[in-house]
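Residues per chain are reported as follows:
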Amino acid sequence: MYLEFSEDEELFREAVREFSKRYIEPIWVEVDEKGRLPMDLIKRMGEQGLFAIPVSDEFGGVGGSLTMAAIATEEIAYHDPAVAIAVYALLQNGWPMALDQFGSDELKSMILPEVASGDAFFGIASTEAHGGSDVAGIKTFAEKVDGGWRVNGEKVYISGVREVLELPTGGGWFLVSKTGSRDYGHRNISAFALVPRWKGDVKDGFEPTVFEEIGRGGLSTGGFKLNNFVVDEKFLIGEEGKGFYYVMQGFNIARILVSAACIGSGRWALDQAKEWLTTRKLFQGRKLSSFQGINFKFAELYTELEAARLFTYRAARLADKIYIERKPGYKPQDLNVPVAMAKLKAPETAIRIYEEVLKWFGAYGYTKESNVYRGWLGTFSYVIGAEGGQNIMRIIIARDVLGKENIRS
Amino acid sequence: MKILVPIKLSYDINQMKYDERTGEPILDAVPMIMGDMDRCAIEAALRLKESLGGTVEFLSIGSRDTHNKMMMDAYAMGCDKGYLIEVDNYKELNAYSVAYLISKFAEKYGPYDIIILGNTSQDTHSSIVPPAVSSLLSYSSAFGIDKINVEDGEYVFEATYEDGIYVFKLRPPMVISVTTEANTPRIPTLKDILRAKRMKYDILKPSDLDVELELARVNISSIKRFATPRRGEMIEVDSDEDVEKAVDRIVELLKEAEII
Ligand SMILES: Cc1cc2nc3c(=O)[nH]c(=O)nc-3n(C[C@H](O)[C@H](O)[C@H](O)COP(=O)(O)OP(=O)(O)OC[C@H]3O[C@@H](n4cnc5c(N)ncnc54)[C@H](O)[C@@H]3O)c2cc1C
């Protein structure tokens, strides 16, 4: 596929770049350092239409595409290489899009306009303490009661806990929970919109905590206990028992944007390196960039980044055909391998770039002043596992290419 | 109120590329954009429309292939109606020809209360077009404006020239040109861009304005980069004593270069 953007996509990229230069670049270090996303920035991003981009305008979204959301995420991450702001934006595009695809009109018209305007957060709550990679093994259980569900369980490492508590409207998550039976497996998983706070106080039975992290300061990660938390039946997303299929599709969507964040941050790091390598001189006035040991590595990383970019936008274009244009003959499963390849490639490339760039910067790179380490720590969350661990990407590719039956031990 | 903003597709001077050997710019490789001052002109027009009502129209001269994105950009910012005068070799038009086309257009499609332009274009920087348009149309004018106020139906413009701040009070019809100090242009949202994508602009030929274009061409014989060779010297400073020495060295260097 030849990667070419349309005129409106290019105009949009320029607009996001201008926005990011004006409002994000001047504060990204402070956001990372202080560990707080300014609420007025979130509001401004909402007004600029940077959330709910691939959500239909009927439900308050922008009516754009996932490719557009990837463009926005990449540009924001370039201007916020520590990625907290970029991740906030990507979550507010990916999971609202998943809700738009599978939720009821009632649910969508309640939640999506508030997310689009920046007044509410809507993320993903899947991971539990036993191991986030094993979604079929979740233990959170929703028991059917009159008019709804009573949910008990605990979720950990969930992005957006503090934001749900602090944003004007509040918000919640695309929650996956067992229903019907507690047995291991994916057929008894359902998806809900878990909304513990909406235009008022926190609902009973929701007990949040916020964790301290090593990077990506600004966007909170936390956990919560659900203690007889009552969910009205209108909050069930799609059909009961289909939650696993919905959440896997949601992960596919979100992973494309995760990859876009990593290439934006990686591109920033390479641009920093370019400036440094072509101006720093040693050994009697030779530019660092003149040493083959360095410029070969630069060339390799530059190539890897471009490859990751191609993977990412190819997956985004395919997702648009499936979910936005709804072209006949394209199925959600077609996305599995292209997305897994993008998510395998982009975060690892970003990390490799940071590890080299930090070394090229010498001791200066090891100081806080250089700020390069912030991008390293930020993007590292994505090789660790946010939106799916790297080995899970390998499993998906191996499973779909070699065949399920051939990878069982 | 009817406002016209003529806009130009200019070379992005931040992304100029030169042939290292000859110093000539490789113009085919330079992206083209709407200039910053033109963007401020649109913003000024939109703000006037928002406070006083009316319509904002925009006009460019060029070809559909190269100009389409900029036309979309102007619509995305919020303009109401766009026109493109199609001229194949638009890059060869001189400033007077451009002004002539604009004035002929304004005569036919106007009358306009205000024509707002960028003070200079991003690439050629002649500043000739705005005064030429105003004199061709015999509109009142003020140029290099960096502040706009409307007080009791009177338009008050401020411009900073070398010898001080000038205040102009004008009444329509008028032509003004703005600098980048005039405002911070709005950034179109994706919704604006998607809406703009569906909007059409009218395409005219110079002959529609009774203009014979053969007369108006200019050939640029040569463009070159004039680079001043730079000399750098690093002075390391670790103590107060070093500062003294550094100052002496700087003075010495400036004298050597005959700057002081
Ligand atoms: C910053 C951050 C934000 C997050 N935000 C959210 C959020 O908003 N919502 C949410 O639900 N979760 C979130 N997570 C959690 C994330 O989804 C999990 O970290 C991820 O799914 C992995 O789960 P785990 O951390 O429990 O590791 P585990 O699942 O225990 O895995 C540990 C390691 O083993 C590997 N591994 C696991 N299974 C296999 C296998 N079969 N073969 C080979 N290797 C394997 C994994 O790749 C990983 O390296 C976030 C995580 C981080 C770091």
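Residues numbered from 1 in each chain as written. Chains lettered and ligands numbered in written order. Predicted model: local features only at pLDDT ≥ 70, side-chain atom pairs only at ≥ 80, totals over all residues. Heavy atoms only, no water.

Moving on: the domain arrangement of chain A. Residues and elements named next belong to chain A. Assigned domains within chain A: domain 1 (7-119), domain 2 (122-237) and domain 3 (243-407). For domain 1 versus domain 2, the distance between C-alpha centres works out to 22 Å. Of the roughly 2,300 Å² buried at the junction of domain 1 and domain 2 (both faces included), carbon and sulfur atoms supply 69%. Three residues stand out in domain 1 for area buried against domain 2, namely Trp95, Met110 and Asp119, and they jointly supply 23% of the buried area on that side. Where domain 1 packs against domain 2, one counts two salt bridges. A salt bridge links Glu114 to Lys199, with the nearest nitrogen and oxygen atoms 3.8 Å apart. Sorting the residues of the side of domain 1 that touches domain 2 by element identifies helix H2 (28-34), helix H3 (39-47), helix H5 (84-102) and helix H6 (105-116) as the ones contributing at least two each. No other element matches the 10 residues that H5 contributes to the side of domain 1 that touches domain 2. Considering only residue class, the side of domain 1 that touches domain 2 consists of 19 nonpolar, five polar and five charged. (Domains from an automatic or database assignment. Buried area = accessible area lost by both parts, 1.4 Å probe. Salt bridge = Lys/Arg side-chain N within 4 Å of Asp/Glu carboxyl O. Helix = DSSP H or I, 4+ residues; strand = E, 2+ residues; numbered from the N terminus. Nonpolar A, V, L, I, M, F, W, Y, C, P; charged D, E, K, R; others polar.)

Let us now look at the nonpolar core. Residues Phe12(A), Trp95(A), Trp173(A), Phe174(A), Ile115(B) and Ile116(B) are the most contacted members of the largest nonpolar core, which totals 197 residues. Counting residues per element, this core draws most heavily on helix H8 (residues 243-279) of chain A, which supplies 19 residues. With residues near it in sequence (within four places) discarded, Ile116(B) still touches Ile3(B), Leu4(B), Val5(B), Pro6(B), Ala41(B), Ala44(B), Ala45(B), Leu48(B), Ile176(B) and Val178(B). Ranked by size, the runner-up nonpolar core spans six residues in total, among them Val337(A), Ala340(A), Leu344(A) and Met393(A). (Core = buried A, V, L, I, M, F, W, Y, C linked by side-chain atoms within 4.5 Å. Buried < 20%, exposed > 50% of the residue type's maximum accessible area, 1.4 Å probe, protein only. Contact = heavy atoms within 4.5 Å.)

Attention shifts here to the side chain of Glu163(A). Along the polypeptide, Glu163(A) turns up in helix H7 (residues 161-166). Those residues in contact with Glu163(A) that sit more than four places away from it in its chain are Leu37(A), Tyr88(A), Gly218(A), Leu219(A) and Ser220(A).

Here we take up the domain arrangement of chain B. The domain architecture assigned to chain B consists of domain 1 (2-209) and domain 2 (227-260). Here the C-alpha centroids of domain 1 of chain B and domain 2 of chain B sit 44 Å apart.

Before going further, it helps to examine unusual backbone geometry. Along the chain, Gly110(B) connects to Pro111(B) via a cis peptide bond; the corresponding omega equals 0°. Relative to the helices and strands, Pro111(B) is located in the loop between helix H3 (95-109) and strand S6 (114-118). Geometrically, the link from Pro172(B) to Pro173(B) is a cis peptide bond, its omega value of 0° lying close to zero. Along the chain, the position of Pro173(B) falls in the loop between strand S9 (164-170) and strand S10 (174-178). Positive phi outside glycine occurs at Asn371(A), with the angle close to 70°.

The next thing to look at is the pairing of strand S4 (residues 55-62) of chain B. Residues and elements named next belong to chain B. Of all eight residues in S4, seven are buried; the element is thus mostly enclosed. Taken together, the five bridges between strand S1 (residues 2-6) and S4 define a ladder with parallel strand orientation. Along S4, the bridge assignment pairs Leu4 with Glu57. Pairing of S4 with strand S5 (residues 81-86) involves six bridges; the strand directions are parallel. Paired with Gly62 across the two strands is Glu86, which belongs to S5. Tracing the backbone out of S4, into helix H2 (residues 64-77) and back to the parallel element S5 gives a crossover that is right-handed. (Pairing = 2+ DSSP bridges. Right-handed = clockwise from strand over helix to strand, strands pointing away.)

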